[in-house]
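Architecture at a glance
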Amino acid sequence: MSLIELRNIEKSFGDFKVIRGVDLDVDKGEVISIIGQSGSGKTTLLRCINGLETINAGSIKVSGVELSREPKQLRALRLEVGMIFQQFNLFPHLTAGENVALAQIVVLGRPKMEAHEIAKRNLARVGLLEKLDKYPHQLSGGQQQRVAIARALAMSPKALLCDEITSALDPELVGEVLAVVRSLASEGMTLMMVTHEMEFARRICDRVVYMRNGIVHEIGTSSEIFETPQTPELKQFLSAMKH
């Protein structure tokens, strides 16, 4: 059984259909990149999986349990499927350690001391233990994004959804965040990533999904997608990304 199952997903905003009949299975430990032009439905698809957007048709299952609109079940889903956004969304008045501990205390009901120990462990995982007591304004953009990753990891999710997590960063800071993602992939974390980092997708991902106009236009292994694209649209997209 796949960890995440999408069947005939449709999502509209008003009269505009953003997702049009997407089917996708994601296995435990699989690393998948979702690529495509802006407006092709990539981010909306991740937000549907996490329950941040309500689908109009189709079904989403995580660990065999179908996603419903019931608030309690949505909260349970978000514990299983963490999401990391373009913007870091850290609380400016809390230290890195406090930012990572807060949701554990509020959402999971973990005791404060345990939450802070887990915060330390996960900051160490992203190479930031020495920044435990620093505030967001004392950190670079790359470091803030790594704190956001540590915060998601501290909730012990079964999968992480990453939405353009390097797009708000200066180019010299992108590598440090991608290095963390690479280490998570090597640990066996299930990852779905919307990304414009083509070389990273080629090297790290098991499969690549090319979305166009709200559908899965092509899907295959990273070598199939990047070395032998099957459609003119994907060839054109990859060519444009090189320039």
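This is a predicted model, so every value here is computed, not measured. (Residues numbered from 1 in each chain as written. Predicted model: local features only at pLDDT ≥ 70, side-chain atom pairs only at ≥ 80, totals over all residues. Heavy atoms only, no water.)

1. A look at the overall build of the protein chain
Short version of the rule: Secondary structure elements follow DSSP: runs of H or I no shorter than four residues count as helices, runs of E no shorter than two count as strands, and numbering proceeds from the N terminus. Our radius of gyration looks at C-alpha atoms and nothing else; its globule reference is 2.2 Å times the residue count to the power 0.38. Summary of the burial criterion: residues with accessible area below 20% of their type's maximum are buried, those above 50% are exposed, and those between are partly exposed, where the area comes from a 1.4 Å probe applied to protein chains only. Any pair of residues with heavy atoms lying within 4.5 Å of one another is described as a contacting pair. Per-residue and other accessible areas were derived by the Shrake-Rupley procedure at a 1.4 Å probe size, with only the shown protein chains allowed to occlude residues. For the charge count, each Lys or Arg is scored as positive and each Asp or Glu as negative, with His and the chain ends excluded. For this purpose, a charge sits on NZ of Lys, CZ of Arg, CG of Asp or CD of Glu.
From N to C terminus, the protein chain includes nine helices and 10 strands. A compact globule built from 243 residues should have a C-alpha radius of gyration of about 18 Å, and the protein chain, at 18 Å, falls within 12% of that. Seen through its principal axes, the protein chain has C-alpha atoms that stretch 55 × 45 × 35 Å. Of all 243 residues assigned to the protein chain, the portion counted as buried reaches 51%. Look at the contacts in the protein chain between residues 6 or more apart in sequence, and 65% of them connect residues 24 or more apart. Element-wise, carbon and sulfur atoms account for 50% of the exposed surface of the protein chain, whose accessible area totals about 11600 Å². Where the 29 positive side-chain charges of the protein chain centre and where its 29 negative ones centre are 3 Å apart.

2. A short note on the environment of Leu-3
As for its position among the elements, Leu-3 is in the segment before strand S1 (4-13). By relative accessible area, which is 9% here, Leu-3 ends up buried. Linking Leu-3 and Thr-190, residues 187 residues apart in sequence, is a C-alpha distance of 8.6 Å. Leu-3 has contacts with Val-26, Asp-27, Lys-28, Lys-61, Val-62, Ser-63, Lys-158, Ala-159 and Thr-190, leaving out every residue within four places of it along the chain.

3. Focus on the pairing of strand S2 (residues 16-26)
Which entries qualify depends on this criterion: Strand pairing requires that DSSP identify at least two bridges connecting the strands.
As defined by bridge partners, S1 adjoins S2 across eight bridges and the pair is classed as antiparallel. Within the sheet, the bridge partner assigned to Ile-9 lies in S2 and is Val-22. Where S1 hands over to S2, the hairpin turn is made up of two residues, of which Gly-14 adopts a positive phi near 65°.

4. Points about unusual backbone geometry
In this structure, Asn-8 is a non-glycine residue whose phi angle is positive, near 50°. Position of Asn-8 relative to the elements: it lies in strand S1. Using a relative accessible area of 42% as the deciding quantity, one classes Asn-8 as partly exposed. For Asn-213, which is not glycine, the phi dihedral falls at a positive 55°. With respect to the helices and strands, the residue Asn-213 is situated in the loop between strand S9 (207-212) and strand S10 (215-221). Residue classification places Asn-213 among the partly exposed residues on the basis of a relative accessible area of 49%.

5. Looking at the nonpolar core
Put simply, the rule reads: In plain words, nonpolar cores are sets of buried Ala, Val, Leu, Ile, Met, Phe, Trp, Tyr and Cys residues tied together by side-chain atoms within 4.5 Å.
Judged by nonpolar contacts, the single largest core of 50 residues is most densely connected at Ile-35, Ile-149 and Leu-191. Apart from residues no more than four positions distant in its own chain, Ile-35 is found in contact with Lys-42, Thr-195, Met-198, Val-208, Val-209, Tyr-210, Met-211, Ile-225, Leu-234, Phe-237 and Leu-238. Counting residues in hydrophobic clusters, the runner-up holds 29 residues, among them Leu-3, Ile-34, Ile-49 and Leu-161.

6. Remarks on the pattern of salt bridges
Condition: Within this document, salt bridges are pairs made up of a side-chain nitrogen of Lys or Arg and a carboxyl oxygen of Asp or Glu, the two lying within 4 Å of each other.
Going through the model one piece at a time under the given rule, you end up with 12 salt bridges. Ionic pairing is found between Arg-7 and Asp-25, a salt bridge with its closest N-O pair at 3.0 Å. Placement of Arg-7 in strand S1 and of Asp-25 in strand S2 is noted, with a sequence separation of 18 residues between them. Arg-207 is paired through a salt bridge with Glu-30; the nearest N and O atoms lie 2.6 Å apart. Linking Arg-207 in strand S9 with Glu-30 in the loop between S2 and strand S3 (31-35), this pair joins segments that are 177 residues apart in sequence.

7. Some thoughts on helix H6 (residues 171-187)
Selection rule: One less than the number of residues in a helix, times 1.5 Å, gives the span that helix is expected to have.
Taking 1.5 Å as the rise per residue, H6 with 17 residues should run 24 Å; its terminal C-alpha atoms sit 26 Å apart, in good agreement. One or two positions beyond H6, positive phi appears at Gly-188, with a value near 95°.

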